[in-house]
Amino acid sequence: MPLVKLYFSPALLFLVLACPLCQVSQSLPVMSTGPMADSCVLYAQSLLHNITKALTQENLFSGINCTKQGVKVNMETKTASVCAPKQSVCSGVINSEFDQESCLTNIEEDLHHYYKFLAAQLDPDSLLGPTVLFSLRELMENCFTRSLPTGLVSEEAAADRPSTYDERLSLCKVLKGFQVRVITINRVIAYMNSGEHTK
Ligand SMILES: *[C@@H]1O[C@H](CO)[C@@H](O)[C@H](O)[C@H]1NC(C)=O
Ligand SMILES: *[C@@H]1O[C@H](CO)[C@@H](O)[C@H](O)[C@H]1NC(C)=O
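The structure presented is a predicted model; accordingly, all values stated were derived computationally and were not measured.

### A short note on the confidence of the model for the chain
Now for step 1: Across the chain, the average pLDDT comes to 81, with 77% of residues at or above 70.
Now for step 2: This model gives residues 1-32 a pLDDT under 50, and the stretch forms 58 contacts once residues within four places in sequence are excluded.

### Describing the state of the cysteines
Covalently bonding the sulfur atom of one cysteine to the sulfur atom of another cysteine gives a disulfide.
Now for step 1: Scanning all chains against the criterion turns up 3 disulfides.
Now for step 2: Note on cysteine connectivity: C66 is disulfide-linked to C172, with sulfurs 2.1 Å apart. Disulfide C66 to C172: torsion about the S-S bond roughly 105°, handedness right-handed. Separated by 106 residues along the polypeptide, C66 in the loop between α2 (38-54) and β2 (71-74) and C172 in helix α7 (residues 165-194) bring together distant segments of the chain. Each member of the pair, C66 together with C172, is buried.

### Section: the environment of Y191
Now for step 1: Mapping Y191 onto the fold places it in helix α7.
Now for step 2: The class for Y191 is buried, based on a relative accessible area of 9%.
Now for step 3: C-alpha of Y191 to C-alpha of A84: the two residues are 107 residues apart in sequence and 9.7 Å apart in space.
Now for step 4: Once residues within four sequence positions are removed from consideration, Y191 is found in contact with P85, K86, F98, E196 and H197.

### A few points about α2
Now for step 1: Here α2 spans 25 Å end to end across 17 residues, near enough to the 24 Å set by a 1.5 Å rise per residue.
Now for step 2: Residues of α2 that are buried include every one of C40, V41, A44, L47, N50, I51 and A54, and no others.

### Things to note about the site of ligand 1
Now for step 1: Taken together, S46, H49, N50, P130 and T131 make up the full set of residues adjacent to ligand 1.
Now for step 2: Within the backbone of S46, one N or O atom sits 3.5 Å away from an oxygen atom of ligand 1.
Now for step 3: Here H49 contributes a side-chain N or O atom positioned 3.1 Å from an oxygen atom of ligand 1.
Now for step 4: Here ligand 1, which alone exposes 360 Å², has 50% of that area covered by the protein.
Now for step 5: Among the elements of the structure, α2 and α5 (129-143) are those that each provide at least two residues to the shell around ligand 1.
Now for step 6: Looking at the shell around ligand 1, the element that brings in the most residues is α2, giving 3 residues.
Now for step 7: Of the residues contributing to the shell around ligand 1, the split by class is 1 nonpolar, 4 polar and no charged.

### Overview of unusual backbone geometry
Now for step 1: One non-glycine residue, S126, lies in the positive phi region at around 50°.
Now for step 2: With respect to the element layout, S126 can be found in the loop between α4 (100-119) and α5.
Now for step 3: Since its relative accessible area comes to 41%, S126 is described here as partly exposed.

### Considerations on the pattern of salt bridges
Pairing between side chains of opposite charge can happen when their charged atoms approach one another.
Now for step 1: Within this structure, the stated rule accounts for 2 salt bridges.
Now for step 2: The residue D110 makes a salt bridge to R181 at a minimum N-O spacing of 3.0 Å. In this pair, D110 is assigned in helix α4 and R181 in helix α7, connecting sequence segments 71 residues apart.
Now for step 3: Taking the relative accessible area as the measure of exposure, D110 reaches 0% and is therefore buried.
Now for step 4: Linking E167 and R161 is a salt bridge whose minimum nitrogen-to-oxygen distance equals 2.8 Å.
Now for step 5: For R161, a relative accessible area of 40% corresponds to the partly exposed category.

Basis of the calculations
Residues numbered from 1 in each chain as written. Chains lettered and ligands numbered in written order. Predicted model: local features only at pLDDT ≥ 70, side-chain atom pairs only at ≥ 80, totals over all residues. Heavy atoms only, no water. pLDDT = per-residue confidence, 0-100. Contact = heavy atoms within 4.5 Å. Disulfide = S-S within 2.5 Å. Helix = DSSP H or I, 4+ residues; strand = E, 2+ residues; numbered from the N terminus. Buried < 20%, exposed > 50% of the residue type's maximum accessible area, 1.4 Å probe, protein only. Expected span 1.5 Å × (residues − 1). Near = heavy atom within 4 Å. Polar contact = N/O pair within 3.5 Å; in protein donor to acceptor, adjacent residues only side chain to side chain. Areas by Shrake-Rupley, 256 points an atom, 1.4 Å probe, with all protein chains shown as cover. Nonpolar A, V, L, I, M, F, W, Y, C, P; charged D, E, K, R; others polar. Salt bridge = Lys/Arg side-chain N within 4 Å of Asp/Glu carboxyl O.

If you want it as structure tokens, here you go:
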């Protein structure tokens, strides 16, 4: 899947971090879909925690200072815009509706995209499998309906050789993009858990 390279400017970082603060004002008509379970809020938090921790694992990125690298975001989905809270004001535009179904579909596509990418990574020291992939799987299995991707490269087969510099560099950038996306997903799941979107 094509990934577009995006460098983290302070302005972008501000937008990403400021969106949870976007003003959510008085509510509008009722929606049919119910709130997200409390456990999903926790699964999403664990995932973010585990990704953030993985980004500090120097063994995953040997020879690379991951902090200095750009961020590669999955551009196949429209999660950030489709999932903007109702009545939120982001960049001066008021979002009048929240389409839960299309928001969930976009999140699910993101999760599948990253699951496939991460499951195919070399992980000889098990720095991804038991942490990031594990919590990603928990979130997908318990909170989303689509089944897990099948036919992935087995970890045993992939662990036979050391990773190349380019593979580590790509992992760094994609994992940073995943972190940004999971910050958004955490905000959206908390919003759907609050029930605010159904009012
Ligand atoms: C993932 O994050 C959760 C929540 O912070 C933590 O409890 C758990 O131990 C982490 N998982 C691993 C394998 O590090
Ligand atoms: C990586 O780069 C960051 C930002 O430039 C710097 O603060 C940090 O010390 C560097 N880390 C290493 C291990 O060189």
